[in-house]
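Each chain, letter by letter, is given below.
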Amino acid sequence: PFEFSPGPLPDGDHTVHVRATDAVGNVQTEMLSLSLFVDTTSPPLPTHISPPDGTFTTTANQTYIDWSDVSDPEGNGPVHYLYQAAHSPAVNSDGSFVSPIYNSSSLSSSQIGTLGTPAGVYYWHVRALDGLGNLGPWSEPWQITVDNTAPLAPGTPWSLPNPTNG
């Protein structure tokens, strides 16, 4: 086997031509040509849309966490999204949450629902993934508080003001 490494190739279309040469210097007459496309450009950063940072919501009704659609600057297929949620906004050096409680698979939509999310304070962020596997940076964490507790019925544990019942 023969290996040749010219170093990193710039983004774009490239053609590699190969001819074999034997130990005594005979050169193959046919040339093998390979075309390849190099794309190392990350997709852009999605922008948070809703709910606003610090929002208080319930899961009795569906709430959607939504961010902007982005497109691959090189035009190589659809962009997907990776979503993370955590109870702490602490992030690693790569921008991912230190202790994620939820990591999505590749999402084709720029939103995710909260229906069924347990009560608590959550931080969420998202990043884009292009068709060739290039990952964009994580967005800044935003906070959402989820409350699943229904309000108390009137008169519990307090009593109704005057007039008295009846």
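Rules used throughout
- Residues numbered from 1 in each chain as written.
- Predicted model: local features only at pLDDT ≥ 70, side-chain atom pairs only at ≥ 80, totals over all residues.
- Heavy atoms only, no water.
- Helix = DSSP H or I, 4+ residues; strand = E, 2+ residues; numbered from the N terminus.
- Buried < 20%, exposed > 50% of the residue type's maximum accessible area, 1.4 Å probe, protein only.
- Contact = heavy atoms within 4.5 Å.
- Areas by Shrake-Rupley, 256 points an atom, 1.4 Å probe, with all protein chains shown as cover.
- Pairing = 2+ DSSP bridges.
- Axes fitted to C-alpha atoms, helices over the stretch in contact; angles between N-to-C directions.
- pLDDT = per-residue confidence, 0-100.
- Patch = residues over 30% accessible without salt bridge, like charges linked within 9 Å, V, L, I, M, F, W, Y side chains within 5 Å.
- Salt bridge = Lys/Arg side-chain N within 4 Å of Asp/Glu carboxyl O.

Caption draft 1: A look at the overall build of the chain. A count of helices and strands for the chain gives zero helices and 10 strands. What you see in the chain, going N to C, is helices and strands ordered as β-β-β-β-β-β-β-β-β-β. In the chain, which comprises 166 residues, the proportion classed as buried is 31%. Taking the intrachain contacts of the chain between residues at least 6 apart in sequence as the baseline, contacts between residues at least 24 apart amount to 63%. If you sum the accessible surface of the chain, you get close to 10800 Å²; carbon and sulfur atoms cover 56% of it.

Caption draft 2: Representation of the environment of aspartate 72. You can see aspartate 72 is positioned in the loop between β5 (64–67) and β6 (80–86). A C-alpha to C-alpha distance of 7.8 Å links aspartate 72 and serine 42, two positions 30 residues apart in sequence. Leaving out residues up to four positions away in the same chain, aspartate 72 has contacts with Asp39, Gly77, Val79 and Asp130.

Caption draft 3: Inspection of the sheet that holds strand β3 (residues 48–50) at higher detail. Pairing in this open sheet of three strands is antiparallel, and the strands run β3-β5-β8 from one edge to the other. The sheet is open, and its two borders are formed by β3 and β8 (111–113), each paired with just one other strand. Put simply, the sheet's adjacent strands are angled 20 degrees from each other on average, direction ignored. Of the pairings in the sheet, the one linking β5 to β8 comprises three bridges and is antiparallel in character. Bridge pairing links tyrosine 64 to glycine 113 in β8.

Caption draft 4: Fine view of the environment of glutamine 62. Counting through the fold element by element, glutamine 62 comes out in the loop between β4 (55–58) and β5. Once you skip the residues sitting within four places of it in the chain, glutamine 62 turns out to touch Gly113, Thr114 and Leu115.

Caption draft 5: Just the confidence of the model for the chain, in detail. In the predicted model, the chain carries a mean pLDDT of 86, and 86% of its residues have values of at least 70. When the elements of the chain are averaged for pLDDT, β4 gives the smallest value, 81, and β6 the largest, 97.

Caption draft 6: Looking closely at a nonpolar patch on the surface. A grouping of Leu9, Val16, Val18, Leu32, Leu34 and Leu36 is seen on the molecular surface, where their side chains present a nonpolar patch of about 450 Å² in accessible area. Contributing elements (two or more residues each) for the nonpolar patch: β1 (12–18) and β2 (32–38). Inspection of the secondary structure puts leucine 36 in strand β2. With a relative accessible area of 32%, leucine 36 lands in the partly exposed category.

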